[in-house]
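Overview (structure and organization)
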Amino acid sequence: MNGTQWIIFILIVQVIHFLGTWKLYVKAGRKAWEAAIPVYNAIVLMQIINRPKWWVILLFIPIINLLMFPVIWVETIRSFGRNSKLETWIVVLTLGLYIYYVNYTLDVKYVEDRSLHPTTAAGEWVSSILFAVVAATLVHTYFIQPYVIPTGSLERTLRVGDFLFVSKFHYGARTPMTTVAAPMVHDTLPGLGIPSYLKKPQLPYFRLPGFSKVERNDIVVFSWPADTVRVFFKKEKGVDKPIDKKSNYVKRCVGVPGDSLEVRDGYVFINGKQLELPKSAKPQFDYDIYSSKGVSSRTLDNLGITDFTRKYQSNPLNQDQVNGLRSYIMGFNQTENGQLELYTKASGIPANVISKYRLALKEVTDRKRTVPLTADMVSSLRNDSNIDSVVQKVTAKGRRGINLFPQSPDYPWNYSQLGPIYIPQKGATVELNLKVLPLYKKIIKEYEKNEISVSGNQISINGSPATTYTFKQDYFWMMGDNRDHSEDSRAWGYVPDNHIVGTPIFIWMSFDNFTEGISNWRPRWDRIFTTVNGDGEPQSYFKYFLILLVAYFVGNWFWKRKKDKK
């Protein structure tokens with residue numbers, strides 16, 4: 001729905017409102033024409049139902065207005081004496097059309113000084129909950145949104161189980177494009193597995209003013225451009241989603257509009273110079289660790305390395321032992337001599353489980369192990385006398401990766417070697433030919449809504465031959481700090497400006513073992529109330545929060561004690 005269509009839709013709504021309420025306006029001592037003037041009619045209606053004029057603003061905020069409309073319908077009929085529970089339900093279930101019946105059929109009188117307070121405890125609860133939801137939805141949509149890190153693509157900068165607050169006002173909040181949706185949920189209704197929104201009507205893209213722009217090295221939350229997933233980790237036909245209902249991803253912005261970006265041996269180069277990351281960043285790369293004595297799990301565990309697999313040798317197991325180990329085993333293999341090789345996560349098999357089921361296990365420490373490591377971990381391992389060498393795994397240049405942008409044999413890129421590639425800037429013009437078309441085809445066709453056709457060597461856009469293309473918006477290049485284990489722009493390309501959601505501002509809670517069930521969660525105290533972006537090391541404000549919390553309770557206790565003495 002474009003701007004013109006949206007204006008027409010609003011005018012139709014105004015006509016519906018006028019036809020259904022003009023008699024009620026007259027009975028309330030107003031003029032009939034006042035029900036017909038957009039915006040002004042809403043201000044007058046607030047006076048009629050004796051509610052504050054600022055409620056009018058809520059009626060024009062997408063999503064919020066869906067919560068407010070039923071309230072206004074109910075308040076309208078109650079202002080004319082229709083207070084029964086039955087009529088309340090009817091006006092809501094008929095989407096306000098019951099007001100037509102009241103307007104034209106019933107001989108009602110305007111109740112000028114009616115009580116605005118709920119007459120029952122249940123009514124009080126409903127009123128309080130409704131406006132709490134309105135306030136929370138307003139904050140969630142335009143200011144701050146909670147977010148949890150579900151995957152390790154930014155490990156160890158942001159870790160699986162980090163709970164974030166994401167600022168939408170830094171870059172300017174997007175006004176919702178999807179106008180009919182459930183409040184405070186994203187694309188799916190919890191427990192039902194069905195979409196939480198209707199695709200139509202859609203508002204044109206608009207972003208409120210922000211106080212900063214997306215800069216290189218910012219950690220950014222954005223709508224995943226390639227998202228057609230209804231449910232993650234389930235293979236089924238793709239779903240065409242509105243932009244603001246696409247799944248949210250969080251990555252680091254390594255390329256901004258106008259940059260020339262290249263990946264060499266896994267490291268990002270911008271305009272020919274290696275990208276310097278802030279101290280808060282903890283990038284990881286895959287390394288092969290070698291030791292003639294075997295690379296022990298204890299060595300890795302002592303360094304806080306958790307992304308590795310343990311292997312145990314075991315005699316044949318009985319059924320009771322198999323059942324006891326089921327929740328720990330990732331896989332197994334039977335050797336020629338009849339023994340079993342059991343594979344587990346880095347946490348291994350607890351000692352109490354081994355004792356309980358009388359297991360005869362021996363951990364196998366291979367001479368080579370491949371794990372993702374930060375620079376500090378690499379340094380510690382190289383200083384360990386038991387480790388022979390630590391070698392970064394790098395895919396050679398010219399070896400084409402699988403499912404990598406731009407999905408063309410002309411670009412034999414991989415996760416370690418990519419580019420150079422231009423990051424499109426609004427208003428910039430590039431030459432178009434069959435060689436570069438794969439780089440920009442998705443932008444031209446999907447993000448900027450043009451028709452593309454190719455006949456021989458001739459490219460046509462919207463039916464006209466084209467040798468150049470001028471971009472209509474800015475684009476960004478996003479990558480995870482866990483460089484060899486991140487699905488990012490190297491897989492699906494550019495992130496359009498209209499897909500930007502916000503930036504994380506701090507971690508308010510963090511748990512280890514987040515993917516292993518809530519009973520196994522363990523707080524990471526050093527990450528709670530910790531900053532995310534910035535040039536320096538992350539700063540924790542948890543102790544200051546505790547001080548303020550204690551001060552509040554102590555102050556409240558003294559205040560109550562002083563009050564009781566009076």
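The structure contained in this document is the topic of the report that follows.

Let's talk about helix α11 (residues 375–382)
- For α11, every residue scored as buried is listed here: Met377, Val378 and Leu381. The arc that holds every buried residue of α11, seen down its axis, measures 100°, which confines them to one face. The outward face of α11, more than 90 degrees from its buried face, is lined by the exposed residues Ala375 and Asp376.

Thoughts on the sheet that holds strand β7 (residues 260–264)
- In space, the 4 strands of this open sheet follow the order β9-β8-β7-β17, with antiparallel pairing throughout. Across the chains shown, the open sheet's two edge strands, defined by having one partner strand only, are β9 (273–274) and β17 (418–422).

Topic: empty space enclosed by the protein
- Taken as a whole and judged by the stated rule, the model has 3 cavities of 30 Å³ or more.
- Roughly 50 Å³ of internal volume is contained in the largest cavity.
- Among the residues making up the lining of the largest cavity, the classes are represented as 5 nonpolar, 4 polar and 1 charged.

Focus: a nonpolar patch on the surface
- On the surface, Phe545, Leu546, Leu549, Tyr552 and Phe553 cluster together into a nonpolar patch covering about 480 Å² of accessible area.
- Mapping phenylalanine 553 onto the fold places it in helix α14 (residues 542–565).

A short note on the side chain of aspartate 244
- Within the secondary structure, aspartate 244 is located in the loop between β5 (219–223) and β6 (248–255).
- No salt bridge is formed by the buried aspartate 244; the nearest opposite charge belongs to lysine 245, separated by 5.6 Å.
- In contact with aspartate 244, other than residues within four places in its own chain, are Arg174, Pro176, Met177, Thr178 and His186.

Details of unusual backbone geometry
- Arginine 156 follows glutamate 155 through a cis peptide bond whose omega is 10°.
- Relative to the helices and strands, arginine 156 resides in the loop between β1 (144–148) and β2 (162–167).
- Here the bond from lysine 200 into proline 201 is cis, since omega is 0°, no more than 30 degrees from zero.
- Turning to its location among the elements, proline 201 is positioned in strand β4 (residues 197–202).
- At asparagine 462, a residue that is not glycine, the phi angle is positive and equals roughly 55°.
- For asparagine 462, the location among the structural elements is in the loop between β20 (458–461) and β21 (464–465).
- Under the relative-accessibility criterion, asparagine 462 is labelled partly exposed at 47%.

Some words on the packing of aromatic side chains
- For the structure shown, the criterion picks out 37 aromatic pairs.
- Taking 5.4 Å as the distance between ring centres and 75° as the angle between the ring planes, the aromatic pair formed by phenylalanine 165 and phenylalanine 506 counts as edge-to-face. Here phenylalanine 165, found in strand β2, pairs with phenylalanine 506, found in strand β25 (residues 500–512); they are 341 residues apart in sequence, far enough to count as distant.
- Judged by its relative accessible area of 24%, phenylalanine 506 falls in the partly exposed class.
- Considering the side-chain rings of tyrosine 440 and phenylalanine 471, the 5.5 Å spacing of their centres and the 65° angle between planes classify their relative orientation as edge-to-face. Residue tyrosine 440 is located in helix α12 (residues 437–447), and its partner phenylalanine 471 is located in the loop between β22 (468–470) and β23 (475–479); the two are separated by 31 residues in the primary sequence. Accessibility assignment for this pair places tyrosine 440 and phenylalanine 471 in one class, buried.
- Site record: aromatic cluster; members linked through ring pairs are Phe163, Phe165, Phe506, Trp508, Phe511, Phe514, Trp521, Trp525, Phe529, Phe542 and Phe545.
- The residue whose ring lies beneath lysine 435 is tyrosine 411, and the NZ or CZ to ring-centre distance is 4.8 Å.

The rules we used
- Residues numbered from 1 in each chain as written.
- Predicted model: local features only at pLDDT ≥ 70, side-chain atom pairs only at ≥ 80, totals over all residues.
- Heavy atoms only, no water.
- Buried < 20%, exposed > 50% of the residue type's maximum accessible area, 1.4 Å probe, protein only.
- Helix = DSSP H or I, 4+ residues; strand = E, 2+ residues; numbered from the N terminus.
- Arc of directions from axis to C-beta.
- Pairing = 2+ DSSP bridges.
- 1 Å grid on protein atoms, 1.4 Å probe; cavity = no way out; pocket = protein on both sides within 12 Å on 5 of 7 lines; lining within 4 Å.
- Points joined across faces, edges and corners; volume = space filled by probe spheres on them.
- Nonpolar A, V, L, I, M, F, W, Y, C, P; charged D, E, K, R; others polar.
- Patch = residues over 30% accessible without salt bridge, like charges linked within 9 Å, V, L, I, M, F, W, Y side chains within 5 Å.
- Areas by Shrake-Rupley, 256 points an atom, 1.4 Å probe, with all protein chains shown as cover.
- Salt bridge = Lys/Arg side-chain N within 4 Å of Asp/Glu carboxyl O.
- Lys, Arg positive; Asp, Glu negative; His and termini not counted.
- Contact = heavy atoms within 4.5 Å.
- Phe/Tyr/Trp six-rings, centres within 6.5 Å; stacked < 30°, edge-to-face > 60°.
- Lys NZ or Arg CZ within 6 Å of the ring centre and 35° of its normal.

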